[in-house]
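# Breakdown of the fold
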Amino acid sequence: MQTYENFARVYDELMDDVPYEEWATRIVELLKKYGISDGLMLELGCGTGKMMELMAKAGFDMIGVDSSMDMLQIAREQSQEQDSSLLYLWQDMREFELYGTVQSIISICDSINYITEKEDLVQVFRLVNNYLDPEGVFIFDFNTEYKYRDVIGDTVIAEDREDVSFIWYNSYDEELHLNDIDLSVFVCEEEDRYRKFQEEHIQRGYTLPEMKELLEAAGLIFIDAFDGYSGNPVKEDSERIVVVAREQGKGGK
């Protein structure tokens, strides 16, 4: 079953608690700290384009990559409504291609956790390093192994809304470090008639030491990490970690 094939239609409604504007502000602050305030930016796993729109308003020229055509279709429709010139590309982040380099690359909402093999994640990071300008900056977040194992692992999350409801089953395999999400969504189509669809999502739990190792293997320079988008240091019980890394290898280095 293709991830996000049906979920894309209700994704924004069910994810309306994600503080995109707060995250965007933090990303802009971090980029400015490392000398980047505009220019070309790539978002990996851009989804329906919420962060793309915010980064464009902040002065960046945006390119978005996502493997879900359904999510990209929604993103394109929304950007057209706002007369935006955002560029969306239907590509797998493990194999993405650009026509040139960009000043910065971001990836939010634990898109990185969908890369479940370390070798594949190293390949993603190699591509990031390849397509960044000299000393370009890469900012991404990921859900920690702690979150999957101790917070949401083997739990059921359910929510009932007026037009859409969902049941979210989590099952975490500590040996494989994989969180299996069985998602059932019920969408109201007319009066009291609901249509049900199901999807399976698999994410891998990573630790910060693992991320540092994988970044180094790909040629990127690890700069810093934070407890989510708070700007505070990483803790043992951090559920989401934001990482800042930098390109190396170009410009005669």
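Anyway, here's the lowdown on the structure attached to this text. (Residues numbered from 1 in each chain as written. Predicted model: local features only at pLDDT ≥ 70, side-chain atom pairs only at ≥ 80, totals over all residues. Heavy atoms only, no water.)

A few words on a negative patch on the surface. A surface patch of like charges, here negative, comprises D154, D173, E174 and E175. Tracing the backbone shows E175 in the loop between strand 7 (164-173) and strand 8 (178-190). (Patch = residues over 30% accessible without salt bridge, like charges linked within 9 Å, V, L, I, M, F, W, Y side chains within 5 Å. Areas by Shrake-Rupley, 256 points an atom, 1.4 Å probe, with all protein chains shown as cover. Salt bridge = Lys/Arg side-chain N within 4 Å of Asp/Glu carboxyl O. Lys, Arg positive; Asp, Glu negative; His and termini not counted. Charge placed at Lys NZ, Arg CZ, Asp CG, Glu CD. Helix = DSSP H or I, 4+ residues; strand = E, 2+ residues; numbered from the N terminus.)

This part is about the side chain of E145. Here E145 lies in helix 6 (residues 145-152). Note on E145: relative accessible area 14%, which makes it buried. A polar side-chain atom of E145 sits 2.5 Å from a polar atom in the side chain of H177. Ignoring anything within four residues of it in the chain, the contact list for E145 reads Y172, H177, G205, Y206 and T207. (Buried < 20%, exposed > 50% of the residue type's maximum accessible area, 1.4 Å probe, protein only. Polar contact = N/O pair within 3.5 Å; in protein donor to acceptor, adjacent residues only side chain to side chain. Contact = heavy atoms within 4.5 Å.)

Here the focus is helix 7 (residues 208-217). Turning to helix 7, its buried residues are L208, E210, M211, L214 and L215. Along the long axis of helix 7, the arc covered by the buried residues comes to 155°, so they all point the same way. Away from its buried face by more than 90 degrees, helix 7 exposes P209, E213 and E216. The inward-facing, buried residues of helix 7 contact helix 5 (118-131), strand 5 (132-143), strand 9 (193-204), strand 10 (221-227) and strand 11 (240-246). Downstream of helix 7 by a residue or two, G219 has a phi angle that is positive, lying close to 95°. (Arc of directions from axis to C-beta.)

Quick look at the pairing of strand 6 (residues 156-160) now. For strand 6, a buried count of 0 out of 5 residues is recorded, marking the element as mostly open to its surroundings. As paired strands, strand 6 and strand 7 are joined by 5 bridges and run antiparallel to one another. If you follow A158 over to strand 7, its bridge partner there is I167. (Pairing = 2+ DSSP bridges.)

Note that every value here comes from positions in space, so none of it alone points to a role or purpose.
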